[in-house]
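Survey of secondary and tertiary structure
The chain contents come next:
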Amino acid sequence: MLRYLPFLLVLALMIYAFIDCLNTPEEEVRGLPKVVWIIIILLFGEVLVGPVVWLLAGKNRAGGGGRQAGPQRWVAPDDNPDFLKSLNKDGKDAGAPEDGTAARDATDAGGGRAEEPPKDVTDPTGEEKGPRAD
C-alpha cells in the first residue's frame, strides 16, 4: 500500500492544479493563456513540473504577504470606527428611543393584538345599550 502513496500524491497534486486552473478567472492568469496552462498541467503532471509551475507562477495569489495592493479588506465590527460611533453609550441602537416605546411597538406589530376601545352596541330600535363585550 505504501508503494502507491507517491503515485497518489502526484495524482492529487495534478488534479488540484487542473481544477484550480479551470476555476481561475482569465484576468488572474499570468504569463500564458489559460488553455496553455491546462495543457502544461496535463502533459507534465506526472513529473510534477506542470502543477508546480502553475501553483508558483501561473496565478495571481492574494495572500502574497502584502505584495499586492488590492481592494480594502473587510474589517470586523468591533474594529470599525464607523460602527462603533453608531452605538450609544448603553450599547443600544443609536436610532432607538430610550423610553422603551420601540419595544412596546414591536410587540404590538409582532402579532399581539392592540387593545381597542370598547364599541357601543345599539339595539334594533337604535338605542345604545352600552359597551359591547367581545
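Residues numbered from 1 in each chain as written. Predicted model: local features only at pLDDT ≥ 70, side-chain atom pairs only at ≥ 80, totals over all residues. Heavy atoms only, no water.

As named in an unreviewed UniProt entry, the chain is PLD nuclease N-terminal domain-containing protein, taken from Streptomyces hintoniae. Regarding the chain, the UniProt comment filed under Subcellular location (unreviewed entry) reads as follows: "Cell membrane". (UniProt positions renumbered as here; feature names shortened; annotations may be inferred.)

Digging into the pattern of salt bridges
By the definition in use, this model includes one salt bridge. Of the charged contacts in the structure, one is a salt bridge between K59 and D20, with a shortest N-O distance of 3.0 Å. Taken together, the residues K59 in the loop between α3 (49-58) and α4 (81-86) and D20 in helix α1 (residues 5-23) connect sequence positions 39 residues apart. On the basis of relative accessible area, D20 is assigned to the buried category, the value being 11%. (Salt bridge = Lys/Arg side-chain N within 4 Å of Asp/Glu carboxyl O. Helix = DSSP H or I, 4+ residues; strand = E, 2+ residues; numbered from the N terminus. Buried < 20%, exposed > 50% of the residue type's maximum accessible area, 1.4 Å probe, protein only.)

Here we look at the UniProt feature "transmembrane region" (unreviewed entry) in the chain
UniProt records the feature "transmembrane region" (unreviewed entry) at residues 35-57, using the numbering of this structure. Note that residues 35-57 is 78% helix and 0% strand, and that its end C-alpha atoms are spaced 15 Å apart.

Side note on unusual backbone geometry
A positive phi angle, close to 70°, is found at L48, a residue other than glycine. Inspection of the secondary structure assignment puts L48 in the loop between α2 (34-43) and α3.

A closer look at the packing of aromatic side chains
The full count for this structure, using the stated rule, is one aromatic pair. Centre to centre, the rings of W37 and W54 are 5.5 Å apart; their planes meet at 65°, and the pair counts as edge-to-face. Linking W37 in helix α2 with W54 in helix α3, this pair joins segments that are 17 residues apart in sequence. Neither W37 nor W54 differs from the other in exposure class; each is buried. (Phe/Tyr/Trp six-rings, centres within 6.5 Å; stacked < 30°, edge-to-face > 60°.)

Observations concerning the nonpolar core
In a soluble, globular protein the nonpolar side chains are often hidden away together inside. Ranked by size, the top nonpolar core spans eight residues in total: M14, A17, C21, V29, W37, I38, I41 and W54. Elements with a minimum of two residues in this core: α1 and α2. The residues touching M14, leaving out its near neighbours within four places in the chain, are I41, G45, E46 and P51. (Core = buried A, V, L, I, M, F, W, Y, C linked by side-chain atoms within 4.5 Å. Contact = heavy atoms within 4.5 Å.)

Concerning a nonpolar patch on the surface
A cluster of nonpolar side chains, M1, Y4, F7, L8, L11, I15 and I19, forms an exposed patch at the surface whose accessible area comes to about 750 Å². Within the secondary structure, I19 is located in helix α1. A relative accessible area of 43% means that I19 is categorised as partly exposed. (Patch = residues over 30% accessible without salt bridge, like charges linked within 9 Å, V, L, I, M, F, W, Y side chains within 5 Å. Areas by Shrake-Rupley, 256 points an atom, 1.4 Å probe, with all protein chains shown as cover.)

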